Amino acid sequence: MAAQMITANGIEQCYEVSGVQGAPWVTLVHGSGDNHNMWWLQVPALAESFHILSYDVRGHGDTETPEDDSLSQMTFVDDLAALLDGLGIERTALIGYSMGGGIVRNFAATHPNRVWGAVISNGGRLDPPPPANAEEAAAAQKMRDERIAGIRSGGMDFVFEGWREQVYTPEFREARPQIVEAHYAITTSNDPEKYVRVMAGMGGPSGVDVANITSPTLIVVGAGDQYTGPEAANDLAAAMTGTQAGVEVFPTRHGTPFERHEEYNRTLLDFLNENTPTN
C-alpha cells in the first residue's frame, strides 16, 4: 500500500501500512534524519507475519511540521498516540531506531497498556544529565546553533556526511556501497528546514520513568556505537525494573539495521514471535 496522510495531533502525518491484515500490529519508528523509507530492508521480512505500520516522524518526510517553540520529546509520543488512535490501533509492538528508539522508550513508559513488545535499537540510553552550569549550557547551545547553521547552508547532505562514519564501518562502506547510497538518498529527500524545526525537541530530556515499561523489551546496540553503546544499553535495561529487558550486541557501529540487516531481521522476528499476544 502506498503512503497515505491522516490528520492526527493537529498535523498531517504520513504513514504506510503493509503486511498481514488481522495479524498483530508492529509499528516502526525511524531515526533522526531518516523517514519511514529507512525500513526498506526490514519491512519485507516483517510483513510476512505481522501488520506493519511505518510513518514519518514530525520533522521528516511528508509529515507536516509547523513552527512550534514548545516541542519536546513528549510531542513525538503524542503524535504517535494520535496516529494509532486515528488508525484504530489499540495495541502494537514498537521497533525504533536511534531517535526512534527514544520515542519507543518514552511511548512504552507512558502508554504501557498499548505496547505488547518494544525493540529499542541503537538508541537505548537513559536521559543524559542536564548541563551542570551556565557554561555547559552555553556550550551546548553553541553546538546546536552551529549544527543548525550547517544544515541550513549544506542541506541534508551535511547531516548524512556528518554521521556516515559513525553509522557504517569502513569495511561495510566498501563492500556494500549500494546500501549506503540508498540510505543517503532517503536522508537527503527530507526538507532541511522541517528537520531544523524539531532538533531542539529531539535533544531535550523526556522526563519519563522507564520503570513504567511493562512490555517485553529488547535493546539492540552496536559494539562500536559512539552514540549509544553497550554500557548505555545495559544501564537502560537495569533501570527497566517493570520488565525483563534483554540486550543484544551486534558487531557494528550505529547502523545495525542496515549493516547487519539479515541477522537483525532474524533477531526481530525471534523476539516478536516469542512475545506475540494470544488475544
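Everything that follows concerns the structure shown earlier in this document.
To continue, consider the overall build of the protein. A count of helices and strands for the protein gives 10 helices and 8 strands. Taken over C-alpha atoms, the radius of gyration comes to 18 Å for the protein, in line with the 19 Å a tight globule of 279 residues would show. For the protein, the C-alpha atoms occupy an extent of roughly 50 × 40 × 40 Å along the three principal directions. Looking at the protein as a whole, 52% of its 279 residues are labelled buried. Nonlocal contacts in the protein, meaning residues at least 24 apart in sequence, comprise 77% of its contacts between residues at least 6 apart. Total accessible area on the protein stands at roughly 12,100 Å², and carbon and sulfur atoms take up 49% of it. Of the side-chain charges in the protein, 17 are positive and 37 negative, and the distance between the mean point of each set is 2 Å.

Let us now look at the environment of Pro24. Secondary-structure assignment places Pro24 in the loop between strand E2 (11-19) and strand E3 (25-29). According to the relative accessible area criterion, Pro24 is partly exposed, its value standing at 24%. Pro24 sits 174 residues away from Val198 along the chain, and the two C-alpha atoms are 31 Å apart. Those residues in contact with Pro24 that sit more than four places away from it in its chain are Phe50, His51, Trp116, Thr276 and Pro277.

Here the focus is unusual backbone geometry. Peptide bonds are, in most cases, trans, and in most cases residues other than glycine have a negative phi. A positive phi angle, close to 55°, is found at Asn9, a residue other than glycine. Its place among the elements puts Asn9 in the loop between strand E1 (4-8) and E2. Residue Asn9 is classed as partly exposed on the basis of its relative accessible area of 38%. Even without a glycine there, the phi angle at Asn122 is positive, about 55°.

The next thing to look at is the pairing of strand E7 (residues 217-222). Of all 6 residues in E7, 6 are buried, a share of seventy percent or more. Burial along E7 is two-sided: Thr217, Ile219 and Val221 facing one way and Leu218, Val220 and Gly222 facing the other are all buried. Both strand E6 (residues 115-121) and E7 contribute to a ladder of 4 bridges, which runs parallel. Looking at the pairing, Ser121 lines up with Val220 of E7. Two elements, E7 and strand E8 (residues 245-250), share 6 bridges in a ladder whose sense is parallel. Bridge pairing in E8 links Gly222 to Phe250. In this view, the connection linking E7 to its parallel neighbour E8 by way of helix H8 (residues 230-239) has right-handed handedness.

Quick notes on the rules
- Residues numbered from 1 in each chain as written.
- Predicted model: local features only at pLDDT ≥ 70, side-chain atom pairs only at ≥ 80, totals over all residues.
- Heavy atoms only, no water.
- Helix = DSSP H or I, 4+ residues; strand = E, 2+ residues; numbered from the N terminus.
- Rg over C-alpha atoms; globule rule 2.2 N^0.38 Å.
- Buried < 20%, exposed > 50% of the residue type's maximum accessible area, 1.4 Å probe, protein only.
- Contact = heavy atoms within 4.5 Å.
- Areas by Shrake-Rupley, 256 points an atom, 1.4 Å probe, with all protein chains shown as cover.
- Lys, Arg positive; Asp, Glu negative; His and termini not counted.
- Charge placed at Lys NZ, Arg CZ, Asp CG, Glu CD.
- Pairing = 2+ DSSP bridges.
- Right-handed = clockwise from strand over helix to strand, strands pointing away.

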